[in-house]
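# Commentary on secondary and tertiary structure
Letter by letter, the chains look like this.
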Amino acid sequence: MQTHLPTLLLREWMQHKRGWLIAALTPPLLFLAMLPIGSVQGLPDKHRELVALIIVMISTVAIYGICLLVALFQLPGLARRDTQDRSIEFWLSLPGRPSESVAATVLAHAWLVPLGGAVIGMLFGVPIAMSVVAKQDGFGAITAVNWSEVMSAAAPLLVRAFAGTVPMLLWLSPLIFVLMAASAWLKRLGVPLVLVGSLIAVLVLDKIYGISWPVDALQAWNLQVNTAMVHNPPGLQEALMSDVNLWAWVAKDFGEALLELVSLQFLGWAALAAAGFALVVMKRSRGG
């Protein structure tokens, strides 16, 4: 079956590339620009390799998180974008299916762009780590750090982080598609109505009627989102402070994250995401 996803993804890049690059490049460049006039204190003189490793990982995850937050704010509005500028008439005239255009929008904004942001954060991580070390202890401290050891330890952790973007997107898909559907069908009032209405309904059920399963489900979902990139944070801390093979630990941790996708909990959230996706596609196929 022929797919038009590459063309649709290219369209998203051509339309949004400036905003994406600004979101990904501004934070690290701004940090590096402000570092000379700032101060760095409290970093340990020992274990500089561990400090540098932590800085590289923070840079990677921070830029990923910023790009992901930008995408989550943008996506509901993009659900009605083609109706506002009437480009929907052009896209409906093409052989591609409405489901492809919806999928391409979500893949571009919620997965590929944050993933690219993580790569940019990783590339800036080393110069940021060098700058921080030099700021506290002088430029001579840079040569005292075993950077090959830093990168060899960072490699499995970065692979784990990049792989974790897939379960992250899957766990976030119910939120993404429900808000997109609300925005597509209810216009500007859709997102506030869904968020505020859901919050009120959950609180009323819990506080007045003693029905706690919606709160429990949301808390469990939030936990899965927070642990998608590192399923066992305490285990990671122990692994970094010991001689554990990080590649083996990463494989085990990612396997545990994937096992969470084979559960009734994920099945329920996936059904909600599928319903939201269907509503967005239905609205798109009707031409607005």
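About the criteria used
Residues numbered from 1 in each chain as written. Predicted model: local features only at pLDDT ≥ 70, side-chain atom pairs only at ≥ 80, totals over all residues. Heavy atoms only, no water. Helix = DSSP H or I, 4+ residues; strand = E, 2+ residues; numbered from the N terminus. Polar contact = N/O pair within 3.5 Å; in protein donor to acceptor, adjacent residues only side chain to side chain. Contact = heavy atoms within 4.5 Å. Core = buried A, V, L, I, M, F, W, Y, C linked by side-chain atoms within 4.5 Å. Buried < 20%, exposed > 50% of the residue type's maximum accessible area, 1.4 Å probe, protein only. Phe/Tyr/Trp six-rings, centres within 6.5 Å; stacked < 30°, edge-to-face > 60°. Lys NZ or Arg CZ within 6 Å of the ring centre and 35° of its normal. Axes fitted to C-alpha atoms, helices over the stretch in contact; angles between N-to-C directions. Parallel < 35°, antiparallel > 145°, perpendicular 65-115°, else oblique. Left-handed = near helix turned anticlockwise from the far one by under 90°. Nonpolar A, V, L, I, M, F, W, Y, C, P; charged D, E, K, R; others polar.

Tracing the backbone shows S183 in helix α7 (residues 147–186). Separated by 2.6 Å, the side chain of S183 and the backbone oxygen of P76 make a polar contact. Not counting residues within four places of it along the chain, the set of residues in contact with S183 comprises P76, G77, R80, G190 and V191.

Core analysis: the largest hydrophobic core is formed by 35 residues, its most contacted members being L53, I55, A129, V132, W147, V150 and L157. Those elements that provide at least two residues to this core are α1 (5–34), α2 (48–78), α5 (98–137), α6 (140–144), α7, α10 (233–240) and α11 (246–259). Sort the elements by how many residues they give to this core and α5 lands first, with nine residues. Sequence-distant contacts of L53, that is, excluding residues within four places in its chain, are made with V150, A153, A154, L157 and L240. Grouped together as the second largest cluster of nonpolar side chains are 29 residues, L68, A110, W171 and F177 included.

Attention shifts here to the packing of aromatic side chains. As enumerated under the stated definition, the model contains four aromatic pairs in all. Between W221 and W269 the ring centres are 5.9 Å apart and the planes differ by 40°, which places this aromatic pair in the tilted class. In this pair, W221 sits in helix α9 (residues 213–226) while W269 sits in helix α12 (residues 264–285), placing the two residues 48 residues apart along the sequence. Seen from the ring of W185, K283 lies directly overhead, with NZ or CZ sitting 4.7 Å from the centre.

Below, the discussion takes up the packing of α7 against α12. At a closest axis distance of 8 Å, the pairing of α7 and α12 adopts a crossing angle of 30°. If you check the angle between α7 and α12, you find them roughly parallel. Like other packed secondary-structure pairs, α7 and α12 cross with a definite hand, here left-handed. Taking contact as the criterion, the partners of L170, W171, S173, P174, F177, V178, M180, A181, A184 and W185 in α7 are, on α12, Q265, F266, W269, L272, A273, G276, F277, L279, V280, M282 and K283. Partitioning the contact of α7 with α12 into residue classes produces 17 nonpolar, three polar and one charged.

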